[in-house]
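# Tertiary structure, described
Listed below, chain by chain, are the residues.
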Amino acid sequence: MNNEQVHVAIAILYQKNNFLMQLRDNIPGILYPGYWALFGGHIEPGETPDIAVKREILEEIGYSLPSFVEFGCYRDERVVRHVFHAPLLVELNQLVLNEGWDMGLFTLENIRQGNCYSQNAGEIRPLGAMHQKIMLDFIEKNPT
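Residues numbered from 1 in each chain as written. Predicted model: local features only at pLDDT ≥ 70, side-chain atom pairs only at ≥ 80, totals over all residues. Heavy atoms only, no water.

### Comments concerning the pairing of strand β9 (residues 123–126)
- Of the strand pairs in this sheet, strand β8 (residues 115–118) and β9 are connected by 4 bridges, and their pairing is antiparallel. Paired with N115 across the strands is P126, a residue of β9.
- Hairpin geometry of β8 and β9 is characterised by an intervening segment of 4 residues between the two adjacent antiparallel strands and by a positive phi of about 75° at G122. (Pairing = 2+ DSSP bridges. Helix = DSSP H or I, 4+ residues; strand = E, 2+ residues; numbered from the N terminus.)

So, in structure tokens, the structure goes:
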């Protein structure tokens, strides 16, 4: 069994006091199936985290990241998450969801509560615990 940690690059995308989140596919075997999470994905061999986050965001929602900043690195027993942040400079309806079940803009209250309604799922879905922690840390360090 391979115990090597997976490295991913993810982005906190914000617009005013709202944060873009992805409802992950509800597929057994993936991390956080059916949970709200940040957009991003695996870092390919030979790829740096900053290149990976740009590629992943473009692949997942068709958004070319404007200038972005590294926020931090979050590790657990399975995943090393390289976290970046950038403004979302387009309206939600200008994005194309290419990966995931749904996407939406979360308010500060949604993040604190740890859940949000999904139109596509037709129900309230939870926010992944690590993603909620990352978001709460970001909000604390970047008050509006």
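After that view of the structure, there is still more to cover.
### Quick word on the side chain of R125
- Tracing the backbone through its elements, the reader meets R125 in strand β9.
- Using a relative accessible area of 14% as the deciding quantity, one classes R125 as buried.
- For R125, the side chain forms a polar contact with the side chain of E123, separated by 2.5 Å.
- Non-local contacts of R125, meaning those with residues more than four positions away in its chain, are made with L23, N26, P33, G34, W36, W101, G114, N115, C116 and S118. (Buried < 20%, exposed > 50% of the residue type's maximum accessible area, 1.4 Å probe, protein only. Polar contact = N/O pair within 3.5 Å; in protein donor to acceptor, adjacent residues only side chain to side chain. Contact = heavy atoms within 4.5 Å.)

### Thoughts on the environment of K133
- Locating K133 in the fold gives a position in helix α3 (residues 129–141).
- The class for K133 is partly exposed, based on a relative accessible area of 41%.
- On a C-alpha basis, the gap between K133 and K54 in space is 22 Å, while along the polypeptide they are 79 residues apart.

### A closer look at the pattern of salt bridges
- Scanning the entire structure with this criterion turns up 7 salt bridges.
- Here K133 ties to D137 by a salt bridge, and the two come within 3.2 Å at their closest N and O atoms. Remark: D137 and K133 occur in helix α3; sequence separation between them is 4 residues, near one turn of the helix.
- If you follow the salt bridges from partner to partner, you end up with E44, E47, R55, E56 and E59 in one network. (Salt bridge = Lys/Arg side-chain N within 4 Å of Asp/Glu carboxyl O.)

### What about unusual backbone geometry?
- For K16, which is not a glycine, the phi torsion comes out positive at approximately 55°.
- Residue position: K16 is located in the loop between β1 (6–15) and β2 (18–23).

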